[in-house]
Amino acid sequence: MGETNASAAPPLQLEGAVAVVTGGAGGIGRGIVGALLRRGATAVIADVEKAAIEAAVEGLSAHGPVTGHQVDITDEDAVATLADAVYDAHGRVDLLFNNAGVTSGGGGKPWQQEPNDWRWCFGVNVFGMAICTSTFVPRMIEGGRPGQVVNTSSGDGGFAPVPMASVYAASKAAVSCFTESLHHNLVSDGTALRASVFYPSGGLLRTGLFTAARNRPEHLARRGEATGRKSMTFDEMKAMLAKGGRDVTEADLDELGDFAVTEAAARRYIIARDLDHTVALLHRRADAIAHREIPPHHGMPL
Ligand SMILES: NC(=O)c1ccc[n+]([C@@H]2O[C@H](COP(=O)([O-])OP(=O)(O)OC[C@H]3O[C@@H](n4cnc5c(N)ncnc54)[C@H](O)[C@@H]3O)[C@@H](O)[C@H]2O)c1
């Protein structure tokens, strides 16, 4: 089912628009920032990693107006300060990309996950997204202008879990579920805002997600024994998938950013490429649910 007429909204004008991108200093977020700038938007990077912010601003400023703010999105006061700074500088926000995200560490068995694995992963992926939403969206609604909130989920959790990444999957299921509720409320309240949920896809994504622990705060470090699974590097994961006969073509992050920005401007609810396999999996999941059976997962080796 597509959008109902009540939720259909005219395309957003990107030329001159103001966009905030959390996690915009690296990986997928940096691709989004570059795409925004190439379309004539002003981009504000909100990221926790100072050196990456500086490199992104330096590397992208030739394409358009971009600023960077070092912000931990799990810190409500820091996000409030960011919002004040953005509104002082630009007077509005038209697009909010809640994109910053982390893993929960090395994964492992669900019962090996510590409270601190949950706190860190849900802190960034769920609470960080929620804090930015609660901070920016009321001001965006009050501004009365058309706008879009784009929450980055993952096929892992958003559609079906990868069982060895249980905490991450649970966090992304939360992002997808929350975004759907957000969209319905934005429509039913008669606002000019819409929400999108973004499933990065279209190949393997060589990003910093595999070294996300570089940003894990000391006070949320694991306390107990290791789970026996260390974080995989991107190349290790690629080699594992290749060994399993999977397609290991890498996606171009600039192209992915272009796609996400184009779809956000078109006010598309689901932003995703190459959905055929996912749709087939979702049909099989629905069939299993109808039969009161455990739904099939993404099929990665356990
Ligand atoms: N890489 C993939 O295969 C993949 C697949 C699906 C979804 N995603 C999602 O895409 C999003 C972007 O991840 P990526 O793959 O580009 O990884 P990445 O590590 O390259 O980028 C994530 C960015 O978030 C920032 N960040 C981390 N913690 C933060 C915090 N507390 N406050 C502010 N910024 C913080 C990091 O500094 C980094 O710049 C994440 O939400 C991730 O879960 C990634």
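Basis of the calculations
Residues numbered from 1 in each chain as written. Predicted model: local features only at pLDDT ≥ 70, side-chain atom pairs only at ≥ 80, totals over all residues. Heavy atoms only, no water. Helix = DSSP H or I, 4+ residues; strand = E, 2+ residues; numbered from the N terminus. Rg over C-alpha atoms; globule rule 2.2 N^0.38 Å. Buried < 20%, exposed > 50% of the residue type's maximum accessible area, 1.4 Å probe, protein only. Contact = heavy atoms within 4.5 Å. Areas by Shrake-Rupley, 256 points an atom, 1.4 Å probe, with all protein chains shown as cover. Lys, Arg positive; Asp, Glu negative; His and termini not counted. Charge placed at Lys NZ, Arg CZ, Asp CG, Glu CD. Core = buried A, V, L, I, M, F, W, Y, C linked by side-chain atoms within 4.5 Å. 1 Å grid on protein atoms, 1.4 Å probe; cavity = no way out; pocket = protein on both sides within 12 Å on 5 of 7 lines; lining within 4 Å. Points joined across faces, edges and corners; volume = space filled by probe spheres on them.

1. Side note on the overall build of the protein
Helices and strands together make up the secondary structure of the protein, namely nine helices and seven strands. Here the C-alpha atoms of the protein give a radius of gyration of 19 Å, agreeing with the 19 Å that 2.2 N^0.38 yields for 302 residues. Principal-axis analysis of the C-alpha atoms places the extent of the protein at approximately 50 × 45 × 35 Å. With 302 residues in all, the protein has 48% of them scored as buried. Within the protein, contacts between residues at least 6 apart in sequence are counted, and of these 73% link residues at least 24 apart. With an accessible surface of roughly 14500 Å², the protein has 55% of that area assigned to carbon and sulfur atoms. Each charge class in the protein was averaged separately, 27 positive and 34 negative side chains, and the resulting centres sit 4 Å apart.

2. Some points on the nonpolar core
By size, the foremost hydrophobic cluster in this structure holds 33 residues, and its most contacted members are I32, V33, L36, L95, F97 and F198. Counting only elements with at least two residues in this core, the list comes to strand 1 (18-22), helix 1 (27-38), strand 2 (42-47), helix 2 (50-60), strand 4 (95-98) and helix 8 (253-265). In this structure, V93, V102, F136 and L186 belong to the second largest nonpolar core, which totals 29 residues.

3. Re empty space enclosed by the protein
Enumeration over the complete set of coordinates arrives at one cavity of 30 Å³ or more. Put simply, the largest cavity is a space of about 30 Å³. For the largest cavity, the full set of lining residues is N98, A100, N125, M129, N151, T152, K172 and V175. For the lining of the largest cavity, the secondary structure elements donating two or more residues are helix 4 (115-143), strand 5 (147-152) and helix 6 (166-188).

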